[in-house]
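# Examining the three-dimensional arrangement
Listed below, chain by chain, are the residues.
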2 protein chains.
Amino acid sequence: MGDREKRDSYPKDQIVELLNQQQATKFREQFLMLHVYEQALIFVDLDEKQRARAYRYLTPAELADTFNAIEEEPEDVAEYFKEMSTKYAAGVISEMYTDNAVDILAYVDSVSLNKYLRLLPREDAAEIKEMLHYEDKTAGAIMATEFVKIIVNQTARSALHVLKKAAVDAETIYYSYVVDADDKLIGVVTLRDLLISDDDLLIEEIMNDQVMSVKVDDDQEDVAKTIRDYNFLAIPVTDYDEKMIGIITVDDIIDVIDEESAEDYSGLAGVDTEESSNNPFKSASKRLPWLVTLLFLGMSTATLISHYEQLVSEASILAVFISSITGTAGNAGTQSLAVAVRKLASKDDEEGLVRTIITELLTGLIIGVTTGLTIFIIVGIWKNNFVLGFVIGLAMMCAIVVANLAGSIIPMAMDKMGFDPAVASGPFISTLSDLTSVLIYFNIASLFLSFIVGK
Amino acid sequence: MGDREKRDSYPKDQIVELLNQQQATKFREQFLMLHVYEQALIFVDLDEKQRARAYRYLTPAELADTFNAIEEEPEDVAEYFKEMSTKYAAGVISEMYTDNAVDILAYVDSVSLNKYLRLLPREDAAEIKEMLHYEDKTAGAIMATEFVKIIVNQTARSALHVLKKAAVDAETIYYSYVVDADDKLIGVVTLRDLLISDDDLLIEEIMNDQVMSVKVDDDQEDVAKTIRDYNFLAIPVTDYDEKMIGIITVDDIIDVIDEESAEDYSGLAGVDTEESSNNPFKSASKRLPWLVTLLFLGMSTATLISHYEQLVSEASILAVFISSITGTAGNAGTQSLAVAVRKLASKDDEEGLVRTIITELLTGLIIGVTTGLTIFIIVGIWKNNFVLGFVIGLAMMCAIVVANLAGSIIPMAMDKMGFDPAVASGPFISTLSDLTSVLIYFNIASLFLSFIVGK
């Protein structure tokens, strides 16, 4: 009997060794005692020969449990199916939760897919085919079809009886969904309610008829927000006929929340931060496209400055402050971008575009004036030239206001146009802001050129 | 009976109107029918007068349910307690889940706190006092103390009986924790197991003795990772005597995941993105400290360029490419920073500092060479000056390698030193990278000056 805590130390190597020694019984004993998450960690580290043995030692149902817990990319998991006999693979698929199986099957070639589907019970095959059609990142794509459905005209006792039978397969038995004669979702009963109710009460009297559900094509982000706000363990998914067709559980939602926030984060940095590779070539190939694209965008800034080269050669002091102005405006733009993307992601903000733009404009003005005044004083004193200070301060103020506005308007406009606002990355905004900052800076500077050099 | 889905349209205004009209009975009827999350949304929008009525119409237990669901900052919720009678406030506190109550009580002045604690049952008061001592962001600070504990020497039937009685108060009844005679945690039984087992089986035979737990001072991020990986609905918290003292449920963990990823994100942007305010002064005051700090750091770049002013006046063409080089290096630094912070946050990467630094160095070299070659060709052709192109290309390559290394080393070093790596924000890295880029650029340029101008 264990009182162990975090299991950093489950006997991974020992279990792999049992595979190497072909000790089927001992392997099964030790492997199956582990939590499925640990089983999955072991499985993904096996080599091909070891995996072949695992397929022989484990039943499809046992391996299905492990596969349900694998967190690798589904395209990688699909490769494993190629190593199995068609019948074994079909067995694993049929025993997995439908949502997980479908994720993987999306990456299986159509010939193999049809072979598997032919070996599955007709109903399962139909369900999988149906689910393969749901669009990525919708409720349909992440739902499981293993849920407990009970009819309304029965007592708590008989419902508990139904539940006990369903308990083996269902993804959760803690919520039972109540349907009417037409199979429409009309209520929900928690297991807690069932347990504390009088056994002879009718489900109709116990159930909560304020059941919330999501539509099959709802965005997974919206589903996540609902589950999170209401602290549900699961939420039912209905089709357009109000019929219940699936369930989304809180553990699926945690993955969605993580995925969505990783996307926002990657967008802000202009890099896919999920790159787990330690291969520098792979890492570089993921980062270079953005960098080179931005380099070309940055060349327009260079072209612009090139235009003002004459000005710079007359007043080389101007070159000193280019990076201060572009840098500060870029930082301000990144800040307002981050706030805007976050607001859009949380969707808490329904105040409308105009309101947000006005707020951001005012925020930009306050920041711009403060920062501009600061640099005015610094430059004025440092270079003993308050005209130069004024030019730098004014340029910085204007550049900040523009960058701030761009940082909030661009993601919002992209969102309105149906693009993912996180694509408007931080580096993109700051490179764009370099361009406008330089334009503003040299235009203001040329107006005051005689005063700057004259001094 | 409803078949409604997302409830954007619960009758909020109507319920507030009932408060205004002092219709206590109708208000109670409609308000209490709502989900607690919706109750909370309504409550936080009430004015003082309306709240005073709510305190009169609702029992402390009813308001406690609402308060459990409030998502405002705990310091704001603490303000509400000042409006209540001491007895009513104590009632609300005693009926709330301990973790939520403690969050709020941390912001109550000590005189009021003592008044409340005196009115609470002695055991509750002791528990709250105990929990007020747990450090922020540890398991102890987010755990609830309402859990189901069963002793090992009983049948499934008798355990179910215990559960039914506990069902009213416990935060979850879906896991029951099994303790031995010394009150030590030795197993866990899910309600699913209890239901499908023979009623006469002993708990010892049904329970899973591989129960995982966390220690009271474990970091909340580690707790979140365990719950997420293992798909638990809850995890028990033990003290140093292996005694179980609390439970952390999956809904608390979702908030932790969100909070932690928001922190990483805010760090990358150099702004607290949770600023929900629409007040430009408030927004500006949150963003200005970073911007002004970075402006001063940026001034060192200006000082540096100022040092090379003579060089610029001789070859004003050099000014044209300052922003391309600083911008591209800044972008590369931000990318490697984001990857490093993410790796640290997921803690999946245990390969050690040296390995990561080498990878990042190689990645930087590949990116630097590619980008450097690109700009060499562009500038060479554009300005018909391949020496200039070489200078720009070489400078960009070196600047990128340095920025890449800084982006990964700085957060890792901060992590090793016990600081939050996310504090090394994106703007900080790119401003720092401006400085090094300019230094590299002008040094290389001065070596080749005669060739650049000579041409």
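Counting restarts for each chain, with residues numbered from 1 along the sequence as it is written. Chains and ligands are labelled by the order in which they are written, letters from A for the one and numbers from 1 for the other. Reporting in this predicted model follows two pLDDT cut-offs: at least 70 for local features of residues, and 80 or more for side-chain atom pairs to be given and counted; totals over whole chains, interfaces and linings ignore these cut-offs and use all residues. To get the side-chain values, all heavy atoms of the structure are used, and hydrogens and water are removed first.

## Description of the relation of the copies chain B and chain A
- C-alpha atoms of residues with pLDDT of at least 70 in both copies form the basis for the least-squares superposition of the copies. Screw-axis analysis of chain B against chain A gives a translation of 0.0 Å along the axis, an RMSD of 0.2 Å, and a rotation angle of 180°. Such a combination of rotation and displacement between the chain copies is what one expects of a two-fold axis. Relative to the rotation axis, the C-alpha of B:S313 is the closest in chain B, positioned 2.5 Å from it.
- Two residues form a contact once any of their heavy atoms are found within 4.5 Å. The residues that chain B uses at the interface reappear at the interface of chain A in 100% of cases, marking a shared surface.

## Observations regarding the confidence of the model for chain A
Residues and elements named next belong to chain A.
- Per-residue confidence from the predictor is reported as pLDDT, which spans 0 to 100. On average, chain A scores 86 in pLDDT, and the residues at 70 or more come to 94%.
- A helix here means a DSSP run of H or I that spans at least four residues, while a strand means a run of E at least two residues long, and both kinds are numbered starting from the N terminus. Least confident of the elements in chain A is helix α24 (residues 449-454), whose mean pLDDT is 72; most confident is strand β4 (residues 214-215), at 94.
- Throughout residues 1-7 the model reports pLDDT below 50, and contacts reaching past four residues in sequence, or to other chains, amount to 26 contacts.

## Considerations on the packing of aromatic side chains
- A pair of aromatic rings is counted whenever rings of Phe, Tyr or Trp (Trp by its six-membered ring) have centres within 6.5 Å, and the orientation is called stacked for planes under 30 degrees apart, edge-to-face for over 60 and tilted otherwise. One pass over the full model with this rule turns up 35 aromatic pairs over all chains.
- The interplanar angle of 65° and the centroid separation of 5.2 Å between the aromatic rings of B:F43 and B:F67 together place this pair among those described as edge-to-face. Of this pair, B:F43 sits in helix α3 (residues 36-44) while B:F67 sits in helix α5 (residues 60-69), placing them 24 residues apart in sequence.
- Arranged with centres 6.4 Å apart and planes meeting at 75°, the rings of B:Y175 and B:Y177 form a pair that is edge-to-face.
- Placement of a charge over a ring requires the Lys NZ or Arg CZ to be within 6 Å of the ring centre, with the centre-to-atom vector within 35 degrees of the ring normal. The side chain of A:K383 reaches across the aromatic face of A:W382, ending 4.1 Å from its centre.
- The aromatic ring of B:Y240 is capped on one face by B:K215, whose charged end is 5.7 Å from the ring centroid.

## Describing the domain arrangement of chain A
- Domains assigned within chain A are domain 1 (12-133), domain 2 (149-249) and domain 3 (280-454).
- For the domains described, the bounds stem from an automatic or database domain assignment. On a C-alpha basis, the centroid separation for the pair domain 2 of chain A and domain 3 of chain A is 52 Å.

## Concerning the pairing of strand β3 (residues 185-190) of chain B
Residue and element names in this part refer to chain B.
- Throughout this description, buried means an accessible area under 20% of the type-specific maximum (1.4 Å probe, protein chains only), exposed means over 50%, and partly exposed covers the range between. Within β3, six of the six residues are buried, which leaves it mostly tucked inside the rest of the structure.
- Strands were regarded as paired on the criterion that DSSP finds at least two bridges between them. As paired strands, strand β2 (residues 175-179) and β3 are joined by five bridges and run antiparallel to one another. By the bridge assignment for β3, Y177 is matched with V188.
- From the end of β2 to the start of β3, which pair antiparallel, there are five residues, and D183 there has a positive phi angle of about 70°.

## Details of the side chain of B:T238
All names here are of chain B.
- By the secondary structure assignment, T238 is in strand β5 (residues 234-238).
- As used in this structure description, the phrase polar contact means that two N or O atoms lie within 3.5 Å; if the pair is within protein, one of them must be able to donate a hydrogen and the other to accept it, and residues adjacent in sequence are counted only when both atoms belong to side chains. Among the polar contacts made by the side chain of T238, one reaches the side chain of K215 at a distance of 3.2 Å.
- Not counting chain neighbours up to four residues away, the residues in contact with T238 comprise L185, S213, V214, K215, V216, K243, M244 and I245.

## What about the UniProt feature "domain: CBS" (unreviewed entry) in chain A?
Residues and elements named next belong to chain A.
- Under the UniProt annotation, "domain: CBS" (unreviewed entry) lies at residues 143-205 and 207-263.
- With 32% helix and 22% strand, residues 143-205 has its two end C-alpha atoms placed 28 Å apart.
- In residues 207-263, helix accounts for 44% and strand for 23%; the two terminal C-alpha atoms are 39 Å from one another. UniProt positions are given in the numbering used here, feature names are shortened, and annotations may be inferred rather than shown by experiment.

## Structural notes on the UniProt feature "transmembrane region" (unreviewed entry) in chain A
Residue and element names in this part refer to chain A.
- Residues annotated in UniProt with the feature "transmembrane region" (unreviewed entry) correspond here to residues 288-305, 317-341, 361-382, 388-414 and 435-453.
- Secondary structure over residues 361-382 splits into 100% helix and 0% strand, and the C-alpha atoms at its two ends are 30 Å apart.
- In the segment residues 388-414, helix accounts for 100% and strand for 0%; the C-alpha atoms at its two ends are 38 Å apart.

## Regarding the pairing of strand β6 (residues 244-249) of chain B
All names here are of chain B.
- A large share of β6 lies buried, amounting to five of its six residues.
- Bridge count for β5 against β6 is five bridges, and the pairing is antiparallel. Counted as the bridge partner of A234 is T249 from β6.
- Between the antiparallel neighbours β5 and β6 lie five residues, among them E242 with a positive phi of about 65°.

## Some details on the pattern of salt bridges
Residue and element names in this part refer to chain A.
- Salt-bridge detection follows one rule: a side-chain nitrogen of Lys or Arg within 4 Å of a carboxyl oxygen of Asp or Glu. Tallied over the entire structure, the rule returns 28 salt bridges over all chains.
- A salt bridge links K12 to D45; the nearest nitrogen and oxygen atoms lie 2.6 Å apart. Separated by 33 residues along the polypeptide, K12 in helix α1 (residues 12-20) and D45 in the loop between α3 (36-44) and α4 (48-57) bring together distant segments of the chain.
- Looking at D45, the relative accessible area reads 54%, which means it is exposed.
- K225 is the partner of D229 in a salt bridge, and the nearest nitrogen-oxygen pair spans 2.8 Å. You can see D229 and its partner K225 sitting in helix α15 (residues 220-230), four residues apart, about one turn around the helix.

## Considering the sheet that holds β3(B)
Residues and elements named next belong to chain B.
- An order of β1-β2-β3 is seen for the three strands of this open sheet, with the pairing classed as mixed. Every other strand in the sheet has two partners, leaving β1 (149-151) and β3 as the edge strands with one partner each. Averaged over all neighbouring strand pairs, the angle between strand axes comes to 35°, with direction disregarded.
- Both β1 and β2 contribute to a ladder of three bridges, which runs parallel. Across the sheet, the residue bridging to K149 is Y177, located in β2. Helix axes are fitted to C-alpha atoms over the stretch in contact, other axes to C-alpha atoms as well, and angles between N-to-C directions run from 0 to 180 degrees.

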